[in-house]
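Here's the letter readout for the chains.
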Amino acid sequence: MIPLEPAPNLSEQVYARLLEAVIDRTLLPGQRITQNELAEKLGVSRQPVSHALHLLHRQGLVAESGRRGFEVTQLDPARIRQLYEVRGAIDALAARLAAMRAASDAAGRARLEVALAAGRRIDRKTPLAELITLDVDFHRAIYQLAGNPVIEEMIAPQWPHMRRSMATVLSELDYRDSAWAEHADIAAHILAGDAKAAERAALAHAQTAGRMTEERLRATDEAAA
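Nothing here was measured: the structure is a model prediction, and the numbers come from that model.

S.K.: What's the story with the overall build of the chain in this structure? I'm lost.
M.R.: Along the backbone of the chain there are ten helices and three strands. Its helices and strands in sequence order give the chain the pattern α-β-α-α-β-β-α-α-α-α-α-α-α, from N to C terminus. Here the chain has a C-alpha radius of gyration of 19 Å; the compact-globule value for 225 residues is 17 Å, and the two agree. Projecting the C-alpha coordinates of the chain onto the three principal axes gives extents of approximately 60 × 55 × 30 Å. Across the 225 residues that make up the chain, the buried fraction comes to 44%.

What follows is the structure, given as structure tokens:
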């Protein structure tokens, strides 16, 4: 008999719930939260909440704020720019490698086509959380098609921060359409096996996303000042 997969333990479930709340802005940047408050809302004891909060703290998603309290960290525009500079280089490499392997990896090619088709079906009513998931799925399909597992290993710790940054621009209806037009362009070059064009398109996409996110965050900070 095949062993059953163990269900996620309570701490993991609480962590996943809090992470999504930070990313989709159910918990807003600067919002103060306490273990007791979260435990009561989630219907659990303080122990799994404490463990989850300390994991988020290590990731830089929450910061300590008073006795037994935390607050959701603000997104730093300069840090986001630096993050996208690195991501641009990684995405460009992934797109180039994916284009070189596209002809020989039918499953990877199909996975990319499915991810692109799913994203092209979004509309004005698509929830923000789903928009972020579809965006991540598309880029992960490219990383997998690239055939170099180190790419995903390097980018994985940064996904929570990138998903938070995505929320700042994907909430804008105009950018949703342009983002997926850029995705379609990247995918077309990859599927055609044009490594250089895929590399250029992926780098340009990351640079545009980083610039728009930084500008949006700075404008928000200025408006709040």
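S.K.: Looking at this structure, how should I read the packing of helix α1 (residues 10-23) against helix α3 (residues 46-58)?
M.R.: Helix-helix packing is characterised by the crossing angle of the two axes and by the distance between the axes. One way to put it is that α1 packs onto α3 with a least axis distance of 8 Å and a crossing angle of 50°. With respect to their mutual orientation, α1 and α3 come out oblique. For the pair α1 and α3, the sense of crossing is right-handed. Touching L10, S11, V14, Y15, L18 and L19 of α1 are P48, V49, H51, A52, L53, L55 and L56, all from α3.

S.K.: Hey, could you run me through the sheet that holds strand β3 (residues 69-72) in this one?
M.R.: Neighbouring strands of a sheet are bound in pairs by backbone hydrogen bonds; such pairs are parallel or else antiparallel. Strand order in the open sheet formed by three strands is β1-β3-β2, and the pairing between neighbours is antiparallel. Both edges of this open sheet fall to β1 (32-34) and β2 (62-64), since each of them pairs with a single strand only. For this sheet the average axis-to-axis angle between neighbouring strands, irrespective of direction, equals 35°. Pairing between β1 and β3: three bridges, direction antiparallel. Within the sheet, the bridge partner assigned to T34 lies in β3 and is G69. Sheet strands in contact with α3 are β1, β2 and β3, and its direction is about 105° off that of β2.

S.K.: I'm lost on the layout of surface pockets in this one. Help?
M.R.: It is a probe the size of a water molecule, rolled over the atoms, that shows where empty space is left. Volume-wise, the largest pocket comes out at about 210 Å³. Along the walls of the largest pocket sit R25, L28, P29, Q74, L75, T168, R216, L217, T220 and D221, which together make up its complete lining. A total of four residues in the lining of the largest pocket trace back to one element, the largest contributor, which is helix α10 (residues 195-224). Tallied by class, residues from the lining of the largest pocket come to four nonpolar, three polar and three charged. Quantified by volume, the second largest pocket comes out at close to 180 Å³.

S.K.: I keep staring at the nonpolar core and nothing clicks. Help me out?
M.R.: Nonpolar side chains in soluble globular proteins tend to be buried together. Counting 66 residues, the largest nonpolar core has L18, L53, L56, L112, F138, I142 and I190 as its most contacted members. Top element by residues in this core is helix α6 (residues 128-146). It accounts for ten residues. Other than its neighbours up to four places away in sequence, L53 contacts L18, I33, Q35, L38, V62 and F70.

S.K.: Would you explain the side chain of H139 in this entry?
M.R.: Structurally, the position occupied by H139 is in helix α6. When sequence neighbours within four positions are dropped, the list of residues in contact with H139 reads R87, D91, W159, H183 and H205.

S.K.: Would you take a moment to explain the pairing of β3 for this structure?
M.R.: Remark: a regular strand shows side chains that alternate across the two faces of the sheet. Strand direction decides the pairing type here: β2 and β3, joined by three bridges, are antiparallel. Residue pairing for β3: E64 is matched across the bridge by F70.

S.K.: Is there a simple way to explain unusual backbone geometry in this structure?
M.R.: Keep in mind that most residues, glycine aside, have a negative phi and that most peptide bonds are trans. Here R25, not a glycine, exhibits a phi torsion of approximately 70°, which is positive. Among the secondary structure elements, R25 is positioned in the loop between α1 and β1. Given the relative accessible area of 32%, R25 is considered partly exposed.

S.K.: Help me out: how do you make sense of α6 in this one?
M.R.: Since the α-helix turns once every 3.6 residues, residues separated by three or four places project in the same direction. Between its terminal C-alpha atoms α6 stretches 28 Å, which fits the 27 Å expected from 19 residues at 1.5 Å a residue. Among all positions of α6, only L131, I132, L134, D135, V136, F138, H139, A141, I142, Y143, L145 and A146 are buried.

Scoring rules and cut-offs
Residues numbered from 1 in each chain as written. Predicted model: local features only at pLDDT ≥ 70, side-chain atom pairs only at ≥ 80, totals over all residues. Heavy atoms only, no water. Helix = DSSP H or I, 4+ residues; strand = E, 2+ residues; numbered from the N terminus. Rg over C-alpha atoms; globule rule 2.2 N^0.38 Å. Buried < 20%, exposed > 50% of the residue type's maximum accessible area, 1.4 Å probe, protein only. Axes fitted to C-alpha atoms, helices over the stretch in contact; angles between N-to-C directions. Parallel < 35°, antiparallel > 145°, perpendicular 65-115°, else oblique. Left-handed = near helix turned anticlockwise from the far one by under 90°. Contact = heavy atoms within 4.5 Å. Pairing = 2+ DSSP bridges. 1 Å grid on protein atoms, 1.4 Å probe; cavity = no way out; pocket = protein on both sides within 12 Å on 5 of 7 lines; lining within 4 Å. Points joined across faces, edges and corners; volume = space filled by probe spheres on them. Nonpolar A, V, L, I, M, F, W, Y, C, P; charged D, E, K, R; others polar. Core = buried A, V, L, I, M, F, W, Y, C linked by side-chain atoms within 4.5 Å. Expected span 1.5 Å × (residues − 1).

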